[in-house]
Amino acid sequence: MLDVRHLDLEEIATALQDQSAYEYRWLIDPASGEIRMWTADGGIDGKTPVDLDELDLVSIEALPPSVWHRDMVDFAQRSATSRRAAGSYGPSKAGVPSVGSGTNCTTSIRTC
């Protein structure tokens, strides 16, 4: 049984986001979890062409862009919710003069 703790998650993420896999394929060995790259010209060792059907490896299909977009939207929504809960989106203090500023102006312009 494959122990998921031994998987290289960075390599799997690369394979899942690689949308240009027309000349090559990302494969995973279900026994070891090793990630391999296959090409039509070089097989999996870069030298010996081999048919994909002859390999005991599982193809890693790239996720469609819609999945990545949905993940980004979810992340942005969670981030905004977290910031609101932490108070980062409270009333703006940009127009409030600092204590002891000696002025009622809410905007300061510095010229050179």
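See the structure above.
Throughout, residues of each chain are indexed from 1 in the direction in which the sequence is written. Per-residue local features of the predicted model are confined to residues with pLDDT of at least 70, and side-chain atom pairs are confined, for both listing and counting, to 80 or more; whole-chain, interface and lining totals are unaffected and use all residues. Side-chain measures here rest on the full set of heavy atoms in the structure, leaving out hydrogens and waters.

Asker: Tell me about the pairing of strand β1 (residues 24-28), and name the residues and values.
Answerer: Only protein chains enter the accessibility calculation, which uses a 1.4 Å probe; a residue is then buried when its area is under 20% of its type maximum, exposed when over 50%, and partly exposed in between. A run of DSSP states H or I qualifies as a helix once it reaches four residues; a run of E qualifies as a strand once it reaches two. Both are numbered from the N-terminal end. Most of β1 is tucked away: four of the five residues are buried. In this scheme, strands are said to pair when DSSP sees at least two bridges between them. Pairing between β1 and strand β2 (residues 35-39): five bridges, direction antiparallel. Across the sheet, leucine 27 pairs through a bridge with arginine 36, a residue of β2. Turn length for the β1-β2 hairpin, with the two strands adjacent in sequence and antiparallel, is six residues, and the turn residue glycine 33 shows positive phi of about 85°.

Asker: Which residues make up the sheet that holds β2, and what values go with them?
Answerer: Taken together, the three strands give an open sheet; going across it, the order is β2-β1-β3, and neighbouring strands pair in antiparallel fashion. Edge positions in the sheet fall to β2 and β3 (58-59), since each of these pairs with one other strand and no more. The pairing of β1 with β3 spans two bridges and is classified as antiparallel. Paired with isoleucine 28 across the bridge in β3 is valine 58.

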